[in-house]
Amino acid sequence: EEVEKEGRSGVRIEYQFCYVNSHNFLQNRGFGRLRRLDKTYQFIHLDPPVVKPIDASDARDYLFQFAKQYCKKEVHEMLIKGVSQYVGPDKLSLLNFIEPNFIKPNRESQYFYFNTKCWYVTKDNVQEIGYEVIDHHIWEEQQKIIPAKYLGSPLIHFKIDQDNQYSYTLSEEGKKSHYLQFLINTSNFTWRKSKEDFSPEEENENIHLLSKLCAIGYMAMEAKDSNVAKAIIGMDGKQSEVGDSNGRSGKSLIGELLRCVVPTAYIPGKRSDIFNDQFIWNDVLENTKFVFIDDVLQNFNFEFLFPNITGDWSVNYKGGRRITLPFERSPKIYIATNHAIRGRGSSFTDRQWLLAFSDYYNDSHKPVDDFGIRFFSEWDFDQWNLTWNLLANCIQLYLQYGVVQAPGERLEQRILRQEIGETLISWADEYFSSEEHLNHRLVKKDLYDAFCIYDPMQRKYISPTAFKKKFIMYCDWKGYLFNPHKYDSKTGKPFKTDKDGCPVLDDKAG
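Reading the values: rules and limits
- Residues numbered from 1 in each chain as written.
- Predicted model: local features only at pLDDT ≥ 70, side-chain atom pairs only at ≥ 80, totals over all residues.
- Heavy atoms only, no water.
- Helix = DSSP H or I, 4+ residues; strand = E, 2+ residues; numbered from the N terminus.
- Rg over C-alpha atoms; globule rule 2.2 N^0.38 Å.
- Buried < 20%, exposed > 50% of the residue type's maximum accessible area, 1.4 Å probe, protein only.
- Areas by Shrake-Rupley, 256 points an atom, 1.4 Å probe, with all protein chains shown as cover.
- Lys, Arg positive; Asp, Glu negative; His and termini not counted.
- Charge placed at Lys NZ, Arg CZ, Asp CG, Glu CD.
- Axes fitted to C-alpha atoms, helices over the stretch in contact; angles between N-to-C directions.
- Left-handed = near helix turned anticlockwise from the far one by under 90°.
- Contact = heavy atoms within 4.5 Å.
- Nonpolar A, V, L, I, M, F, W, Y, C, P; charged D, E, K, R; others polar.
- Phe/Tyr/Trp six-rings, centres within 6.5 Å; stacked < 30°, edge-to-face > 60°.
- Lys NZ or Arg CZ within 6 Å of the ring centre and 35° of its normal.
- Pairing = 2+ DSSP bridges.
- pLDDT = per-residue confidence, 0-100.

Enquirer: I'd love a proper account of the overall build of the protein chain, names of residues and values included.
Expert: Looking only at helices and strands, the protein chain features 17 helices and 18 strands. Relative to a compact globule of 510 residues, whose C-alpha radius of gyration would be 24 Å, the protein chain shows 30 Å and is clearly more extended. The dimensions of the protein chain, computed from C-alpha atoms along their principal axes, are 120 × 55 × 45 Å. By residue count, 47% of the 510 residues in the protein chain fall in the buried class. Counting every atom, the protein chain has about 27300 Å² of accessible surface; 47% of that belongs to carbon and sulfur. Here the protein chain carries 65 positive and 71 negative side-chain charges, and the mean point of each set is 4 Å from the other.

Here is the structure:
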């Protein structure tokens, strides 16, 4: 405000800062506060439809630049002297609260937001619409500054025949997509074989590709469904010794794609004490939709994630803040691992969506060798546009097929091998190479003693009870029947089952 003041030399003009007008100025231009779940607030700037989280300094800088451009030099001079006092965090804490009109995620559809248009993706259709059509708001990081164009039809189309065999066809545009071809390659477990050597099961391995595409669609959708509460786990499908890390098979590139698509918290998994850190979820914000835990170790404690997958998500922030994200607003999880995830039983399997990766890509053969450029950072507009079309395609496949688990035998064998351990496998392979130990009743204590003689250190780590459990797993892994006298020789069915329908195989004779 200009204030006239009289002095000895006559009337002079002084400038005074008006706090009410400054608040009105900022609020009329979309600056305000957003109330968080824990009743604290953050400063935001709403420029419909985009909501941008800001610091107090961003509002101060906006005011400062406006004055620099439009106001007199004296006003600019006054702000330079006291702008932090006039527009500091304390003064801005009196700005009005803004309640953005965020859309509630829908389990039947998903929006993608680009620079001038949006895509509305449903099971059967993809609509391109202008921002003038939508009346809801979005976070700044949801909008991708790319003039994406929908190509009019899916890049890949699946069908299933009467024998439950999956087949697919690619459109001409689909054949050009680097990322789609990468997924096809990582789902190819027969690339070393000729067509004549395929087994019937291997000929149906197109389901590995469909499983990956549906999982990407599931992760790209914001909506959560308590009936489909799973962590996606990318793991090597190739059999190898426990502790061996195949690596370089492309598992992390699914997580990296999603980082480009949805608001993401990235968690490096190469830490043995990963869940001893009370601030492990410090980067999980209220608008975070995806958590990528990359390259976890062999002893990764998946059970720690149970409440995060199926329930609310508690976050302890550095500085003392704590919030609990309700299930429907909490992020989805992708885990990339070179090892099998430990843990057996329905509590584990019901929370896992396993993706198997072949060794088509490895230490000596990388995607850049096939495509000539690095994914994401070196893609041109055409490849990004194809990838956004593929993402819409993935959502439609997920809405059509739902959760498509990769064929379980390959992954189950890898999980079993890790649970059994290489020492027991090595001992048992040698022990049962003698025919006198197969198809004969064996004394349990003698078996355990023979194992401990093979490697005396194992007596410290594996009790007789644990040995029995691992031994049953070994039989399963080798395709042996454990305690065959507990089965009916004619029907092949167990004489007794427990309340869960599992065979009762205990031999009380020892």
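Having seen it, we continue.
Enquirer: Hey, could you go over the packing of helix H7 (residues 206-220) against helix H8 (residues 252-261) for me, with residue numbers and the actual values?
Expert: Their axes nearest at 11 Å, the elements H7 and H8 cross at an angle of 30 degrees. The handedness of the crossing between H7 and H8 is right-handed. Listed contacts from H8 to Ile216, Met219 and Ala220 of H7 are Ile254, Leu257 and Leu258. When the residues that make up the contact of H7 with H8 are grouped by side-chain class, the tally is six nonpolar, no polar and no charged.

Enquirer: Describe the packing of aromatic side chains, and please don't skip the residues or the numbers.
Expert: Scanning all chains against the criterion turns up 55 aromatic pairs. Between Tyr179 and Trp379, the ring centres sit 6.4 Å apart and the planes meet at 85 degrees, which makes this aromatic pair edge-to-face. Taken as a pair, Tyr179 in helix H5 (residues 178-186) and Trp379 in the loop between helix H11 (367-371) and helix H12 (381-401) lie far apart in primary sequence, 200 residues in all. For Tyr179, a relative accessible area of 0% puts it in the buried group. Of the residues examined, Trp379 reaches a relative accessible area of 7% and is grouped as buried. In this structure an aromatic cluster arises from ring pairing among Trp427, Tyr431, Phe432, Tyr448, Phe451, Phe467, Phe471, Tyr474, Tyr480 and Phe482. Between the NZ or CZ atom of Arg35 and the centre of the ring of Phe97, over which it lies, the distance is 3.9 Å.

Enquirer: How would you explain the pairing of strand E14 (residues 290-296) if you had to name every residue and give the values?
Expert: Two faces make up the sheet, and in a regular strand the side chains alternate between them. By the criterion of burial, E14 is predominantly enclosed, with six of the seven residues buried. Judged from the five bridges that link them, strand E13 (residues 264-268) and E14 form a sheet pairing that is parallel. By the bridge assignment for E14, Ala265 is matched with Val291. Where E14 lies against strand E17 (residues 332-337), six bridges are found, and the strand directions are parallel. Directly across from Asp294, in E17, lies its bridge partner Ala336.

Enquirer: Go over the sheet that holds E14, please, and point to the residues and values.
Expert: Hydrogen bonds along the backbone pair up the strands of a sheet, which may run parallel or antiparallel. The strand order across the open sheet formed by five strands is E13-E14-E17-E12-E18, and the pairing between neighbours is parallel. Each having just a single partner strand, E13 and strand E18 (352-357) make up the two edges of the open sheet. On average, each strand axis in the sheet is inclined to that of its neighbour by 15 degrees, with strand direction left out of account. Strands strand E12 (231-236), E14, E17 and E18 of the sheet are contacted by H7, whose axis makes an angle of about 130 degrees with E18.

Enquirer: I'd like a rundown of the sheet that holds strand E9 (residues 138-139), residues and numbers included.
Expert: Strand order in the open sheet made by the four strands is E3-E4-E5-E9, with mixed pairing throughout. Single-partner strands in this sheet number two, and they are strand E3 (31-35) and E9. Seen against the sheet, helix H2 (residues 56-70) touches E3, strand E4 (41-47) and strand E5 (50-54) and runs at an angle of roughly 105 degrees to E5.

Enquirer: Could you give an account of H5, with specific residues and numbers?
Expert: Within H5, eight of the nine residues are buried, leaving the element largely enclosed by the surrounding structure. Those residues of H5 not exposed but buried are His178, Tyr179, Leu180, Phe182, Leu183, Ile184, Asn185 and Thr186.

Enquirer: Give a description of the confidence of the model for the protein chain that names residues and reports values.
Expert: Within the protein chain, residue pLDDT values average 89, and 94% of them lie at 70 or more. In the model, residues 240-246 has pLDDT below 50 throughout and makes 21 contacts with residues more than four positions away in sequence or in other chains.

Enquirer: Outline the pairing of E5, listing residues and values.
Expert: Two elements, E4 and E5, share five bridges in a ladder whose sense is antiparallel. Paired with Phe43 across the strands is Ile54, a residue of E5. Hairpin connection from E4 to E5: two residues lie between these consecutive antiparallel strands. Across two bridges, the pairing between E5 and E9 is parallel. By the bridge assignment for E9, Val51 is matched with Trp139.

Enquirer: Can you explain the environment of Cys394? Please cite residues and give values.
Expert: Position of Cys394 among the secondary structure elements: in helix H12. Sequence separation between Cys394 and Gly217 is 177 residues; the distance between their C-alpha atoms is 4.4 Å.

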